[in-house]
Amino acid sequence: VRRPVASRGMDLGGTWLACEADDARRRSFPDPATDDAGWVPVPVPGHWRNVAAFAASDGPLLYRRRFETALNSELAPEAVTSESKPAAETATSRAWLSFDGLFYQGDVWLDGSYLGDTEGYFSPQTFEVTSQMADRSEHLVAVEVACNREADRAAKRNLTGIFQHWDCIDEDWNPGGIWAPVHIRTTGPVRFATLRVTCPEASAERATLELEATLDATEAVNAVLDTTVTPLAAEGAGGPGPEQGPVAHQSGEQALAAGSNRVRWRVAVERPLLWWPRALGAQPRHRVQVTVSLDGVTSDARAVDTGLRQIRMRDFIASVNGERIFLKGSNLAPTNRALADATGAQVAGDVRLAIDAGLDLLRVHAHIGRPELYETADREGILLWQDLPLQWSYKGVRREAMRQARQAVDLLGHHPSVAIWCGHNEPFSGGVEPGGDGTVPAKTRLTAGQILPSWNKTRLDHSIKRSLEKADGSRPVVAHSGVLPHPAGGTDSHFYFGWYHGHERDLPRFLARLPIVARWVGEFGAQAVPDSDGFMEPQRWPDLDWDHLRRAHALQKGIFDRRVPPAAHKTLSEWRQATQDYQAELIRFHVETLRRLKYHPTGGFCHFLLADAQPAVSWSVLDHLRVPKAGYRALADACAPVIVVADRPAASYRPGERLDLALHVVSDLRVTLGDAVVTADLRWPGGQRTWRFAGDVGADSCSWVGRMEHTWPGEVVSGTVDVDLHLGIPEGATIASNHYRSEIRNVDGAAG
């Protein structure tokens, strides 16, 4: 496939050719003279599993792509300001071949010459190809791409996170392929190998940007570095653009040695427009443009869009620009397990669905997503808890993990939405496989394995944490997620009451006994069957292929048999609704419990899981087609800006027993609700009672309202008990409502 070179760069995407690797082909495939007429066309960007010939392949695959350039032509670097002189097309121009994303390892050749290897799926990999571009006009790029299946999942080596080892993605899936764009561009003698931009300090008076660049120079030179910070106009049909003039500019001479040079500097912005989470304010952004010039001629240029804001976290309570915020969140899977197949609109749609559910935060669960995720989060003002792609247990990957941690900061550090770094999800060495047989995975149990030191928790994760802190001093860093707080350490809590362990009503009592474990809850939830259930072959009910559904679609039947047994329902439709009702109830009451502990001690939570990356019976509240389950509405209702809540009534009462419920109003608003009125109605067979409470609801608070106390008379008839709560203000509409249901049971336990 041959295409002419573009004037300022060349996109090498499109159709490549591929074949399975073997020793003979490995020796010959980099040679342009090798005949590839029988090779299989594959898309780049793409994943090889999407091609019929490789649908079951674990690779490695050999990729080839032919292209043409005009002999001795130069691809000039773009100038970023109108004042910059255009880069001259001279003998000192340099050409670069870049891969923006490759799953997971690669060996790269151009025109038969070996360029080097790659490791890591999310970070761009670049090779100098100046001599090859000058030598000939016909070229061949050849890549061996490997994404090996892990033989021992308790000692993994591929840092692919959930893409290769997760209980929400088909355990046979392989993400291998060149999943992101490939391109050639040129620079002058000095090139930006990396540019890192972070914002460690921001206030109404002053914001500071910290920049770090790796500059590659052909020889020792004195260069000029120019940095300009310009506000961006609001979003329009063509996206954001520069608005008026710069608010900061800095220029200075920099002596560079031949080879790699690391340069750090700071730029201050006076009286800045601050970026806020959507719950606290607007999201103005700025373009940071950096050029390196030699004798007035631009050699290379980079530009990133950022937001000026300051993030802090103490005892898992976050603040942005000095304003405390309780973070209501959900865990985010990739929009599609085939990362290349997700469109920008689909990725942005997931963020908007989170916003519609009232969320402030998404935890990017054990992966790094597509660029559109971060761009949308910046624009919409939703914060991100960013995991590195480490999931469960590894061995011998400490140095590589530290390197990739630094690359993650280079790639994402400028995004204001990225609020928290997390090194590793559930770093446990065993028992992490799906509990399809009803057993409880070790990750859900408070055992010595959580508390005692291990190579993953201690050596690996602490090394990653140090790398992140050294690379980015502007954000809080969490070593790992899911290690329960305990006297020797720990971070956040992953609770699965009502699924892997205990009863879904157990959470409030557990947190009352151990308040420290409530400071941040990073996972909770239950599985539910989606409406989009064609993959389950519903016509086979009740004889579904349960083993296939476990392996390929995450369904944990052994646990469903305990919680919502399929055998108790006549049709799949009935069972589906029962699973969704169960999930919705669990989510609602877990969120209400955690919001009532707002700041004392809880700083926030991340429900598990927002949406599926593939057809699945999982913990998601949105299925793979984004059809909502009942749990999505329950999550949205429980995450409304203002809620009125009661202690959850007991599942049932007997005549003569006492009902005693504390009432609270939780408000995330930044203003006081004055003269608020809470009305509580209690109804039971043959009776009704009403309570009325009045007072102010503080801004960003959990306010105690009062108590509902009632003793059931001995002659009460068995039946349903309803509790209705309403919050309003004088001469205003109802702000919030809530409803609880229980039962009165007679002495022998039968309900009316």
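Before reading further, recall that the structure is shown in the block above.
Because the structure is predicted, anything quoted here is derived from the model rather than measured.

### Section: the sheet that holds strand S30 (residues 658-667)
Phase 1 of the analysis: Taking strand neighbours across the sheet as the criterion, the three strands line up as S29-S30-S33 in an open arrangement whose pairing is antiparallel. Strand pairing shows two members of the sheet lacking a second neighbour, strand S29 (642-646) and strand S33 (701-711), which therefore form its edges. Strand-to-strand twist across the sheet, computed as the mean angle between neighbouring axes with direction ignored, equals 15°.
Phase 2 of the analysis: Bridging between S30 and S33 involves ten bridges; their strand directions are antiparallel. Residue pairing across strands places Ala-662 opposite Arg-707, the latter belonging to S33.

### A few points about the pairing of strand S23 (residues 383-387)
Phase 1 of the analysis: Taken across its five residues, S23 has five buried, putting it largely inside the fold.
Phase 2 of the analysis: Along S23, one buried face is formed by Leu-383, Trp-385 and Asp-387 and the opposite face, lined by Leu-384 and Gln-386, is buried too.
Phase 3 of the analysis: In terms of strand pairing, strand S22 (residues 361-364) meets S23 through four bridges, oriented parallel. Its bridge partner lying in S23, Leu-361 is registered against Leu-383.
Phase 4 of the analysis: In this region the chain leaves S22, passes through helix H4 (residues 371-380) and returns to the parallel neighbour S23; the handedness of that crossover is right-handed.
Phase 5 of the analysis: With four bridges connecting them, S23 and strand S24 (residues 418-422) associate as parallel partners. Across the sheet, Leu-384 pairs through a bridge with Val-418, a residue of S24.
Phase 6 of the analysis: Handedness of the crossover joining S23 and S24 through helix H5 (residues 398-412) is recorded here as right-handed.

### Topic: unusual backbone geometry
Phase 1 of the analysis: Geometrically, the link from Gly-59 to Pro-60 is a cis peptide bond, its omega value of -5° lying close to zero.
Phase 2 of the analysis: As for its position among the elements, Pro-60 is in the loop between strand S3 (40-44) and strand S4 (61-68).
Phase 3 of the analysis: Note the cis peptide between His-600 and Pro-601, where omega equals 5°.
Phase 4 of the analysis: A positive phi angle, near 50°, is found at Ala-366, a position not held by glycine.
Phase 5 of the analysis: Summarising the element assignment, Ala-366 is placed in the loop between S22 and H4.
Phase 6 of the analysis: Located in the positive-phi region is Arg-626, a residue other than glycine, with phi close to 70°.
Phase 7 of the analysis: Mapped onto the fold, Arg-626 is located in the loop between strand S28 (604-607) and helix H12 (630-638).
Phase 8 of the analysis: Overall, Arg-626 belongs to the buried group, its relative accessible area being 18%.

### Some words on the environment of Lys-598
Phase 1 of the analysis: By secondary structure assignment, the location of Lys-598 is in the loop between helix H11 (572-596) and S28.
Phase 2 of the analysis: For Lys-598, a relative accessible area of 3% corresponds to the buried category.
Phase 3 of the analysis: Among all residues touching Lys-598, those that are not within four sequence positions of it are Phe-326, Val-666, Ser-667, Asp-668, Asp-700, Ser-701 and Cys-702.
Phase 4 of the analysis: Within the local environment of Lys-598, its side chain forms a polar contact with the backbone oxygen of Ser-667, the two atoms lying 2.9 Å apart.

### What about the packing of aromatic side chains?
Phase 1 of the analysis: All chains considered together, the criterion is met by 29 aromatic pairs.
Phase 2 of the analysis: Consider the rings of Tyr-496 and Phe-608, whose centres lie 6.5 Å apart with planes at 80°: the pair is edge-to-face. Of this pair, Tyr-496 sits in the loop between strand S26 (493-494) and helix H8 (507-513) while Phe-608 is found in the loop between S28 and H12, placing the two residues 112 residues apart along the sequence. Comparing Tyr-496 with Phe-608 shows no difference in burial state: the two are buried.
Phase 3 of the analysis: Judged by centre distance (6.0 Å) and plane angle (35°), the ring pair of Phe-589 and Tyr-740 falls under tilted. Note that Phe-589 is positioned in helix H11 and Tyr-740 in strand S35 (residues 734-744), a separation of 151 residues in sequence.
Phase 4 of the analysis: Looking at Phe-589, the relative accessible area reads 9%, which means it is buried.
Phase 5 of the analysis: The exposure class assigned to Tyr-740 is buried, which follows from its relative accessible area of 2%.

### Quick look at the layout of surface pockets
Phase 1 of the analysis: Here the second largest pocket defines a volume of roughly 360 Å³.
Phase 2 of the analysis: Taken together, 17 residues line the second largest pocket, and the ones lying closest to its centre are Pro-508, Thr-593, Arg-596, Asp-647 and Arg-648.
Phase 3 of the analysis: Where the lining of the second largest pocket is concerned, the elements lending two or more residues are H8 and H11.
Phase 4 of the analysis: Among the residues forming the lining of the second largest pocket, the class breakdown is seven nonpolar, three polar and seven charged.

### Topic: the sheet that holds strand S15 (residues 259-270)
Phase 1 of the analysis: A sheet is described by the order of its strands in space; here three strands give the open sequence S11-S12-S15, paired in antiparallel fashion. Looking at the sheet topology across the chains shown, the edges are occupied by strand S11 (190-202) and S15. If you compare each strand with its neighbour and ignore which way they point, the axes differ by 15° on average.
Phase 2 of the analysis: Alignment of S11 against strand S12 (residues 206-217), held across ten bridges, turns out to be antiparallel. Looking at the pairing, Ala-202 lines up with Ala-207 of S12.

### Some details on the nonpolar core
Phase 1 of the analysis: Counting 97 residues, the largest nonpolar core has Trp-16, Tyr-63, Leu-97 and Phe-99 as the members making the most contacts within it.
Phase 2 of the analysis: The greatest single-element share of this core, amounting to five residues, is contributed by H5.
Phase 3 of the analysis: Leaving out residues up to four positions away in the same chain, Trp-16 has contacts with Val-40, Pro-41, Val-42, Val-44, Tyr-63, Arg-64, Arg-65, Phe-99, Val-141, Val-143, Ile-178 and Val-182.
Phase 4 of the analysis: Listed in part, the 47 residues of the second largest apolar core include Leu-225, Leu-256, Leu-274 and Ile-325.

### Quick look at the environment of Arg-26
Phase 1 of the analysis: Mapping Arg-26 onto the fold places it in helix H1 (residues 23-28).
Phase 2 of the analysis: Taking the C-alpha atoms as reference points, Arg-26 and Arg-363, 337 residues apart in sequence, are found 41 Å from one another.
Phase 3 of the analysis: Setting aside anything within four residues of it in sequence, one finds Arg-26 in contact with Ala-21, Pro-60, Leu-62 and Glu-144.
Phase 4 of the analysis: Here the side chain of Arg-26 touches Asp-23 through a polar contact of 3.4 Å, side chain to side chain.
Phase 5 of the analysis: At 2.8 Å, the side chain of Arg-26 and the side chain of Glu-144 are in polar contact.

### Quick look at the environment of Phe-326
Phase 1 of the analysis: Considering the arrangement of structural elements, one finds Phe-326 in the loop between strand S20 (323-325) and strand S21 (327-332).
Phase 2 of the analysis: Along the backbone, Phe-326 and Leu-361 are 35 residues apart, and their C-alpha atoms lie at a distance of 9.7 Å.
Phase 3 of the analysis: Setting aside anything within four residues of it in sequence, one finds Phe-326 in contact with Asp-360, Leu-594, Arg-595, Lys-598, Tyr-599, Thr-602, Gly-603, Gly-604 and Phe-605.

Cut-offs and rules
- For every chain, the first residue of its written sequence is number 1, and the numbers climb from 1 along that sequence.
- Totals for whole chains, interfaces and linings use every residue, but because this is a predicted model, local features are given only for residues with pLDDT of at least 70 and side-chain atom pairs only at 80 or more, for both listing and counting.
- Note that water and hydrogens are dropped before the side-chain values are worked out from all heavy atoms of the structure.
- For two strands to pair, DSSP has to find at least two bridges joining them.
- Working definition: helices are DSSP H or I runs of at least four residues, strands are E runs of at least two. Numbering for both runs from the N terminus.
- Angles shown run from 0 to 180 degrees and are taken between the N-to-C directions of axes, each axis being a line fitted to C-alpha atoms and, for helices, limited to the stretch in contact.
- The cut-offs for exposure are 20% and 50% of the maximum accessible area for each residue type, with area from a 1.4 Å probe on protein chains only; residues under the lower value are buried, those over the upper are exposed, and the others partly exposed.
- Handedness rule for crossovers: strands pointing away from the viewer, path from the first strand over the helix to the second running clockwise, crossover right-handed.
- A contact between two residues is defined here by any heavy atoms of the two lying within 4.5 Å.
- Pairs of N or O atoms are called polar contacts if they sit within 3.5 Å, as long as, within protein, a hydrogen donor faces a hydrogen acceptor (for residues adjacent in sequence, only side-chain-to-side-chain pairs).
- Two rings belonging to Phe, Tyr or Trp (six-membered ring only in the last case) form a pair when the distance between their centres is within 6.5 Å. Interplanar angles under 30 degrees mark stacking, angles over 60 mark edge-to-face geometry, and anything in between is tilted.
- Residues are said to line a cavity or pocket when one of their atoms sits within 4 Å of a point; the points come from a 1 Å grid over protein atoms alone, cavities being sets where a 1.4 Å probe fits but cannot get out and pockets being open sets with protein on both sides within 12 Å along at least five of seven lines.
- Grid points are joined across faces, edges and corners, and a volume is the space filled by probe spheres set on the points.
- Under the convention adopted here, Pro, Cys and the residues Ala, Val, Leu, Ile, Met, Phe, Trp and Tyr are nonpolar, Asp, Glu, Lys and Arg are charged, and Gly plus all remaining residues are polar.
- Joining through side-chain atoms within 4.5 Å is the link that ties buried Ala, Val, Leu, Ile, Met, Phe, Trp, Tyr and Cys residues into a set, and such a set is a nonpolar core.

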